[in-house]
Amino acid sequence: MVTGETSSKRQINEECIINCLPGDLIERIFLRLPVSTLLRCASVCKHWHNFIRDPQFVTSHLQRAHRYALLFFPQCLVSGKPYPSDAILIDEAWSPSTCAVPVIGPDDFLFGSCNGLIGLYTKTSTIKIANLATGECMHLEKPAKNMRGDHFSFYSFGFHPMTKEYKITHFLGGCVDGRPHNKDSFSVIQVYTLGNEKWKDIPTPEALSLNSVRNSGVVNVDRTLYWLTEDKTVTWQHTVMSFDLKEESFAMIQLPAEREDLDCFGPRKFWIRDIDGKLCIVTAQTGRYDARILLGELQIWTLDNMVEQKWSQKYKFTNPPVHIPGPHFGHRDRILTQSGISVGSYELIGENIEINFSKMAKLLDFSPRRQYNMQSYICVKSLVCLDVYKNAGIVRRPKQRQGWELKKWEAWENELREVEDLRSNIDKLQHDLIEAAEKMVKMYKFDKPRDIAERVRMELNQVLEHKPEIPNQPRFLRRFNWVEQKRDTKELVSRSRKAIKQAQDNISSIVRSHTLDQGISTAEVSSTGDKKNEEGNLLCKT
């Protein structure tokens with residue numbers, strides 16, 4: 001027997017217009033929606049939930065997802081003050097995000113991005129795989145500890161579309177058969193496939209340089225890992241090693257034979273990077289006495305043919321930047337660089353042309369963060385779900401006290417609260433000033449409304465541009481990233497020192513001027529104005 005409630009739900013479902021449309025048309029509609037909207041749609045009804053969570057739809061939506069550049073800044077200590085790990089998303093219009101990425105904790109280090117999932121680790125805890133858009137997280141047991149410590153270049157994260165497997169790789173340095181050996185080399189790659197019970201050790205063909213991996217990086221291009229290793233017998237003194245994620249096999253790729261070094265500069269530096277899905281080698285000569293300074297030309301070589309191992313020089317740049325971020329060096333038609341205290345981009349107009357780095361389009365100011373620390377990844381927002389992998393024995397529960405609850409970040413949290421308290425005080429003072437102005441308008445409206453009342457309104461409109469609608473209403477608490485937080489705090493301080501004081505002075509001036517002219521009793525307004533002046537002065541000092 002069908003109950004009234006069930007019948008009512010069925011009637012609502014039958015009356016829903018979108019459910020009456022053909023399935024392919026519904027899919028086309030949903031494919032155009034962002035992940036945040038689809039997550040809300042999935043809770044509307046069981047039919048929509050099943051449709052949106054269907055693996056085929058998830059794959060189709062992923063293929064059409066917008067690409068973002070993710071700039072990651074690891075935690076650091078500057079002048080004795082700790083700065084937590086944070087990230088900034090750059091959209092297709094090259095606009096930086098303002099809110100922090102919620103799945104990134106203050107102690108997290110980022111090592112990979114794949115299909116909307118990012119790989120993170122902490123120095124003392126677990127590996128974390130998180131969905132950038134949905135916030136879903138899964139913690140995994142770490143592999144054997146590296147004798148040289150963790151570094152983001154020692155890890156990688158990738159997906160093979162044929163096997164449908166996500167794999168984490170880890171270069172295990174300093175061990176042979178589980179015993180300490182040479183910390184500057186590695187002979188084992190540890191591989192974990194999401195859903196499996198344990199890590200798997202795969203020996204390398206020979207001992208490879210861990211220093212080269214740390215200095216030049218690792219990229220995941222077309223389902224294969226690539227990194228540089230030292231080879232003193234060739235012109236570049238480096239070769240490229242590859243690791244196929246499906247076959248779990250190694251191969252070696254020779255770099256171009258030709259290379260021109262100028263005697264006036266020092267040794268050459270190399271990075272392996274991903275530009276628009278292509279394997280690239282970025283290289284420049286360094287200062288003779290300081291290897292951190294790049295001089296001469298910065299060259300970008302791309303691998304055009306894997307079988308023939310054919311390379312071509314695509315770009316060369318004058319006045320190289322300070323830092324070459326990676327592993328993803330480019331985003332759409334631009335490349336990302338770090339120079340001075342600025343992160344910027346440069347347009348790639350054509351091939352084999354000279355581009356001067358003085359023509360940088362500035363994206364953001366990263367001070368007081370340290371140079372040489374920024375990482376850049378290409379990421380998307382997807383519906384990829386981690387539930388199917390969570391039953392593996394290697395999955396661990398996160399510690400109860402983690403992230404922003406850790407005692408070491410109490411000072412940082414206190415500073416954020418102080419800024420919010422200052423904002424609340426300013427909002428309250430603005431409301432009180434507006435109330436005082438309204439009282440003046442009512443008192444003067446029968447005398448010279450065009451003169452006094454309109455002048456008061458004009459002054460308030462000019463100075464108090466953003467009137468909060470409800471006094472003492474708490475803002476929607478969503479953590480800014482550190483760049484936006486710095487800008488917001490600076491703007492708040494400026495507002496407290498100038499805007500409020502100017503509003504008080506203008507209104508007080510109007511009151512005094514017209515009180516003297518008209519002889520009107522304004523004791524109540526004057527008392528209110530004096531009180532607000534005292535509050536404003538105290539607020540400005542704060």
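The structure we're discussing is the one just above.
Overview of the structure. (Residues numbered from 1 in each chain as written. Predicted model: local features only at pLDDT ≥ 70, side-chain atom pairs only at ≥ 80, totals over all residues. Heavy atoms only, no water.)

Along the backbone of the protein chain there are ten helices and 29 strands. Scored against the burial criterion, the 542 residues of the protein chain give a buried share of 46%. Here the contacts in the protein chain between residues at least 6 apart in sequence split such that 57% fall between residues at least 24 apart. Element-wise, carbon and sulfur atoms account for 49% of the exposed surface of the protein chain, whose accessible area totals about 28,700 Å². (Helix = DSSP H or I, 4+ residues; strand = E, 2+ residues; numbered from the N terminus. Buried < 20%, exposed > 50% of the residue type's maximum accessible area, 1.4 Å probe, protein only. Contact = heavy atoms within 4.5 Å. Areas by Shrake-Rupley, 256 points an atom, 1.4 Å probe, with all protein chains shown as cover.)

Here we come to helix 2 (residues 23–31). Owing to its 3.6 residues per turn, the α-helix aligns residues three or four sequence positions apart on the same side. Residues Ile26, Phe30 and Leu31 constitute the buried set of helix 2. Burial along helix 2 is one-sided: seen end-on, the buried residues are contained in an arc of 135 degrees. In helix 2, the exposed positions that point more than 90 degrees away from the buried face belong to Asp24 and Arg28. Looking at the buried positions of helix 2, the neighbouring elements they touch are helix 3 (35–41), helix 4 (46–53) and helix 5 (55–63). (Arc of directions from axis to C-beta.)

Glancing now at the pairing of strand 18 (residues 250–253). Bridge analysis of strand 17 (residues 238–244) against strand 18 gives four bridges, and the strand direction is antiparallel. Bridge pairing in strand 18 places phenylalanine 243 opposite phenylalanine 250. (Pairing = 2+ DSSP bridges.)

Our next topic: helix 5. The set of residues buried in helix 5 consists of Phe57, Val58, Ser60, His61 and Leu62. Taking the backbone nitrogen of glutamine 56 as reference, a side-chain oxygen 3.0 Å away marks aspartate 54 as the first, capping residue of helix 5. (Polar contact = N/O pair within 3.5 Å; in protein donor to acceptor, adjacent residues only side chain to side chain.)

In sheet architecture, strand pairing relies on hydrogen bonds along the backbone and comes in two forms, parallel and antiparallel. If you trace the four strands from one edge of the open sheet to the other, you get 9-10-13-14, paired in antiparallel fashion. With partners counted over all chains shown, the strands left at the sheet margins are strand 9 (155–160) and strand 14 (200–209), one partner each. Shown here is a sheet whose adjacent strand axes are inclined to one another by a mean of 25 degrees, direction ignored. (Axes fitted to C-alpha atoms, helices over the stretch in contact; angles between N-to-C directions.)

Below, the discussion takes up the sheet that holds strand 23 (residues 330–331). What the four strands build is an open sheet, ordered 23-24-25-27; its pairing is antiparallel. Pairing within the sheet leaves two strands with one partner each, and these edge strands are strand 23 and strand 27 (361–365). As paired strands, strand 24 (residues 334–339) and strand 25 (residues 342–347) are joined by six bridges and run antiparallel to one another. Within the sheet, the bridge partner assigned to serine 339 lies in strand 25 and is serine 342.

At a minimum axis distance of 11 Å, the contact between helix 2 and helix 4 shows a crossing angle of 70 degrees. Here helix 2 is positioned roughly perpendicular relative to helix 4, judged by the angle of their axes. In this structure, helix 2 contributes Gly23, Ile26, Glu27 and Phe30 to the contact, and helix 4 contributes Trp48, Phe51 and Ile52. Taken together, the residues that form the contact of helix 2 with helix 4 break down as five nonpolar, one polar and one charged. (Parallel < 35°, antiparallel > 145°, perpendicular 65-115°, else oblique. Nonpolar A, V, L, I, M, F, W, Y, C, P; charged D, E, K, R; others polar.)

On to the nonpolar core. Counting 33 residues, the largest nonpolar core has Ile127, Leu140 and Ile168 as the members making the most contacts within it. If we skip the residues at most four places from it in the chain, leucine 140 touches Thr126, Ile127, Ile129, Ile168, Tyr192, Leu194, Ile394, Val395 and Arg396. (Core = buried A, V, L, I, M, F, W, Y, C linked by side-chain atoms within 4.5 Å.)

Attention now moves to the packing of helix 2 against helix 5. Look at helix 2 against helix 5: their axes get within 10 Å of each other, and the N-to-C directions meet at 45 degrees. Classified by the angle between their axes, helix 2 and helix 5 sit oblique to one another. Here the hand of the crossing between helix 2 and helix 5 comes out right-handed. Contact residues: Glu27, Phe30 and Leu31 in helix 2; Phe57, Ser60 and His61 in helix 5. Among the residues forming the contact of helix 2 with helix 5, the class breakdown is three nonpolar, two polar and one charged. (Left-handed = near helix turned anticlockwise from the far one by under 90°.)

What follows is about the pattern of salt bridges. As enumerated under the stated definition, the model contains twelve salt bridges in all. One salt bridge in this structure joins lysine 167 and glutamate 165, with 3.8 Å as the shortest N-O distance. Among the salt bridges present, the one from arginine 487 reaches glutamate 491, with a minimum N-O distance of 3.0 Å. Taken together, the residues span about one helical turn, with arginine 487 and glutamate 491 both in helix 9 (residues 482–518) at a distance of four residues. Through salt bridges that share partners, Glu165, Lys167, Lys200 and Glu248 make up one connected network. (Salt bridge = Lys/Arg side-chain N within 4 Å of Asp/Glu carboxyl O.)

This brings us to the packing of aromatic side chains. Evaluation of the coordinates by the stated rule reveals 22 aromatic pairs. When the ring of phenylalanine 159 is compared with that of tyrosine 166, the centres are 4.5 Å apart and the planes differ by 40 degrees; the resulting orientation is tilted. With a centroid separation of 5.5 Å and an interplanar angle of 40 degrees, the aromatic rings of tryptophan 236 and phenylalanine 270 are classed as tilted. One end of the pair, tryptophan 236, is in the loop between strand 16 (224–230) and strand 17; the other, phenylalanine 270, is in strand 19 (residues 268–275), with 34 residues separating them in the sequence. One aromatic cluster is present, formed by Phe30, Trp48, Phe51 and Phe57 through successive ring pairs. Over the aromatic face of tryptophan 482 sits the side chain of arginine 369, whose NZ or CZ is 4.8 Å from the ring centroid. Sitting over the face of the ring of tyrosine 68, lysine 381 holds its NZ or CZ atom 5.1 Å from the ring centroid. (Phe/Tyr/Trp six-rings, centres within 6.5 Å; stacked < 30°, edge-to-face > 60°. Lys NZ or Arg CZ within 6 Å of the ring centre and 35° of its normal.)

Residue position: threonine 286 is located in strand 20 (residues 278–286). Classification of threonine 286 by relative accessible area gives buried; the value is 3%. For the pair formed by threonine 286 and proline 267, sequence separation is 19 residues and the distance between their alpha carbons is 5.7 Å. At 2.7 Å, the side chain of threonine 286 forms a polar contact with the backbone oxygen of proline 267.

This paragraph deals with the environment of glycine 119. Counting through the fold element by element, glycine 119 comes out in strand 6 (residues 117–121). Here the alpha-carbon distance between glycine 119 and tyrosine 155, two residues 36 residues apart in the chain, equals 8.8 Å.

With that out of the way, let us pick up the pairing of strand 20. Two faces belong to every sheet, and in a regular strand the side chains alternate between them. Within strand 20, eight of the nine residues are buried, which leaves it mostly tucked inside the rest of the structure. When strand 19 meets strand 20, the two strands line up antiparallel, connected through eight bridges. By the bridge assignment for strand 20, arginine 268 is matched with glutamine 285. Here strand 19 folds back onto strand 20 in antiparallel fashion, the turn holding two residues, of which aspartate 276 has a positive phi close to 55 degrees.

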